[in-house]
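Examination of the molecular architecture
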Amino acid sequence: MNESLKVQPHHLDRGAYLYIRQSSMRQVLENVESAKRQYALRGRAIALGWHDEQVIVIDNDQGESGASAAWREGFQRLVSDVGMGRAGIVMGLEVSRLARNNADWQRLLEICALADTLILDEDGIYDPTSFNDRLLLGLKGTMSEAELHVINARLRGGILNKVRRGEYRCSLPTGLIYDQSGNVTLDPDTQIRETIIHFFDTFSRVGSACQTVKAFRKEGLLFPSRLRNSETTVFRPLTASTAIRVLNNPRFAGAYTYGRRRYRRAIDGKRTLQRRDQDDWLACIPDAHPGYISWELFQENLKVLKTNGQGYEVARASPPREGTALLQGRAVCGRCGKHFRIRYASRRGRLEAWYICDRAHGYRGEPSCQSIAGPAIDKAIGILIGEQMTPAAVELALEIRREIEARHEEADRLRRRAIERAQIEADLAQRRFMLVDPNNRLVADTLEGEWNEKLRVLAKAREDRERAREQDQVILDEAVRKRLIAMTVDFNKLWADPDTPNRERKRLLAHIIEDVTLIKMPAEGTTKVHIRFKGGKIQTLTIMSPKSSAQQVKTQPGIVELVDKLLDKHIYLEIAELLNQQGYHPGGSARRGRHDARFTALRVAYLVHRYGLRSRYDRLRDRGMLTKREAAARLNIHETTLAKWAENGLVAKHAYNAHYYLYELPESNLPRKQCSRWNRLVDRAAALKMAIVLKPSTEAERGVV
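Before going into details, it helps to say that this report is about the structure given with it. This is a predicted model, so every value here is computed, not measured.

Conventions and cut-offs
Residues numbered from 1 in each chain as written. Predicted model: local features only at pLDDT ≥ 70, side-chain atom pairs only at ≥ 80, totals over all residues. Heavy atoms only, no water. Pairing = 2+ DSSP bridges. Helix = DSSP H or I, 4+ residues; strand = E, 2+ residues; numbered from the N terminus. Axes fitted to C-alpha atoms, helices over the stretch in contact; angles between N-to-C directions. Contact = heavy atoms within 4.5 Å. Parallel < 35°, antiparallel > 145°, perpendicular 65-115°, else oblique. Left-handed = near helix turned anticlockwise from the far one by under 90°. Nonpolar A, V, L, I, M, F, W, Y, C, P; charged D, E, K, R; others polar. Salt bridge = Lys/Arg side-chain N within 4 Å of Asp/Glu carboxyl O. Polar contact = N/O pair within 3.5 Å; in protein donor to acceptor, adjacent residues only side chain to side chain. Core = buried A, V, L, I, M, F, W, Y, C linked by side-chain atoms within 4.5 Å. Buried < 20%, exposed > 50% of the residue type's maximum accessible area, 1.4 Å probe, protein only.

Here's the deal with the sheet that holds strand 2 (residues 55–58)
The strand order across the open sheet built from five strands is 2-1-3-4-5, with neighbouring strands paired in mixed fashion. Pairing within the sheet leaves two strands with one partner each, and these edge strands are strand 2 and strand 5 (124–126). Strand-to-strand twist in this sheet, taken as the mean axis angle between neighbours without regard to direction, amounts to 25°. Across four bridges, the pairing between strand 1 (residues 15–19) and strand 3 (residues 87–91) is parallel. By the bridge assignment, A16 is partnered in strand 3 with I89. Along the sheet, helix 6 (residues 73–83) contacts strand 1, strand 2 and strand 3; its crossing angle with strand 1, the most-contacted strand, is approximately 160°.

As for the packing of helix 6 against helix 8 (residues 102–115)
Taken N-terminus to C-terminus, the directions of helix 6 and helix 8 make an angle of 25°; their axes are 9 Å apart at the nearest point. Relative to helix 8, helix 6 is oriented roughly parallel. As for the relative orientation of helix 6 and helix 8, their crossing is left-handed in sense. In contact with F75, V79, V82 and G83 of helix 6, helix 8 contributes D104, L108, I111, C112 and A115. Residues belonging to the contact of helix 6 with helix 8 are distributed by class as follows: seven nonpolar, one polar and one charged.

Quick notes on the pattern of salt bridges
Following the criterion strictly, the structure yields 21 salt bridges and no others. E453 serves as the salt-bridge partner of R456, at 2.7 Å between the closest nitrogen and oxygen. Of this pair, R456 and E453 both sit in helix 17 (residues 441–475), separated by three residues, roughly a single helical turn. Each of R77, D81 and R86 takes part in salt bridges that share partners, so that together they form one network.

Focus: the side chain of T195
Looking at the secondary structure, you find T195 in helix 10 (residues 190–206). In terms of polar contacts, T195 uses its side chain to reach the backbone carbonyl oxygen of Q191, at 2.7 Å.

Structural notes on the nonpolar core
Judged by nonpolar contacts, the single largest core of 30 residues is most densely connected at I196, F199, F200, F223 and L247. Of all elements in the fold, only helix 10, helix 11 (209–219), helix 12 (240–248), helix 13 (295–309) and helix 16 (392–435) reach the threshold of two or more residues within this core. No other element matches helix 10, which puts five residues into this core. Other than its neighbours up to four places away in sequence, F223 contacts T195, I196, F199, F216, V234, F235, R236, L238, T242 and V246. The next biggest cluster of nonpolar side chains, apart from the first, holds 26 residues, and it includes Y355, L384, V529 and I543.

If you want it as structure tokens, here you go:
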């Protein structure tokens, strides 16, 4: 079909879109002929009947790859306008200019077919609604994508061939450079080399990336960092991300590696980074060039980092932190075999550690395995370690002291390197200032300012070194050394010394104990502690479980028994006074600030009710005593008269609390109601007392007779 016949009047009523693209900025700058050919398609549109103002040029995707449409704003605008029916024809020099991705190309064809939009390239005009044209355009899109794949495969194959030989040059981390022959060597800067060596030594000592960062900050050391796309190296404070990146980089171990990561395209067109396992690296050649550590040490560092990231699923390889829990990372649950988690709680003004195994509760909603208080366990472990230690403890402590001295000497050497670098930069700034023409004040003032700044940096480096040396001197003072040597003779003193940090106790423990299995016996009130020492020796301890808060404030059973006996003869207030006189204290005295608590009538009443003791009222009733109403009815008198008789002793009364009484009537000779005018109650009470006194003596006389 003639090309002019494909162009219909309704096509000419819409715009002619000219899409221009080149894959890289280098092509845009150097391949100008390709750009001219693409812009020349404007004339073909005018020749087909479109006016000049109807031709819309989209060239804002210059320098963008056609592998995807996600980041190409021009192509997205083109597809949008075609879908809205604004385009009568879409022009491109070839299919590869519009899309290198067959999916994007087929989507554009589908939209053009729906909108009845023509497509023009260097070979002719195509109608997407026509099957033959659609088939030809689909083949061109497939060949364009295959062409891109072939080009990438050729380039990638050449790179991989050099990678397998270890000759492909990659960007090197700070501390490694390429020499004039193209070989990888260590950085000639002494300060950079010594700082990196000190970094790996510190990590081997503390066993944690974060602790390494803290050690550098405490020592006032900076870490070298090479500026991106530059040979300039600056010294900055060490960060955790930098430490982890250095520890994971095999180039520091002298190994040539390639393909440790791979990039994947997401649905939005962005590239996502994915890490590969070591077995999937495209190239790994150990000992390919000089390094700061060995390949074996690099593997050990990776294992330590992996273990640190697993929390308490396995025993931690690095020393735990400053917490008081002595067995942190080494305590194993005797029920499920998992490692205990550590929880700290502030109780009664002090911080207490608890070993908790709650994974079953968190993962499956089941009850927690165990929850064991830490102080009693840690105390027993400390005593056991003191008993198990041999005279080798002296050598161990001296070795620690030598390690501290060597560490301070290494840090001081790095500070001297920083001073030397600052001195060199200050001398260089001075020479620049001295060589400038004094009349050129603009340049002279600038150079003078730079010289002053370098001098300030030099002075600060010297001050930092002196301050750090003073701190180190305090730590390693001769008196401290003598005290340390004296303490090493008795390991128990060193262990129990409050000045010994918890971190150092755990470091010592890590060299002696492999792990500790804890099994709580609630019924027996004990905890089984199975200790596995380095070398395989096993020892079992039985420790009394600490009392809970409720048990600590619980009244002693002996006091409850004593209260039960005293209830036969005394009321609550009298019992409280007797207990206080004998030096007994209620259970609440165990609470903080209540050590001087005393018994009261209310406390005694609570004990009677809490432990189900028989009340004094029930005890008196069991002995046959009567209430006020019952006694008055038995004597045929008024209750007021009964009260007066009880006050004068004619009737015995017994208190069952502080206000009410029960009455005991005589077994014989019950008192009778008489006129108190002729026989007063006082006289009757005196006669009754006399009769009680004389009656035993009369009976005794009868016995003698």
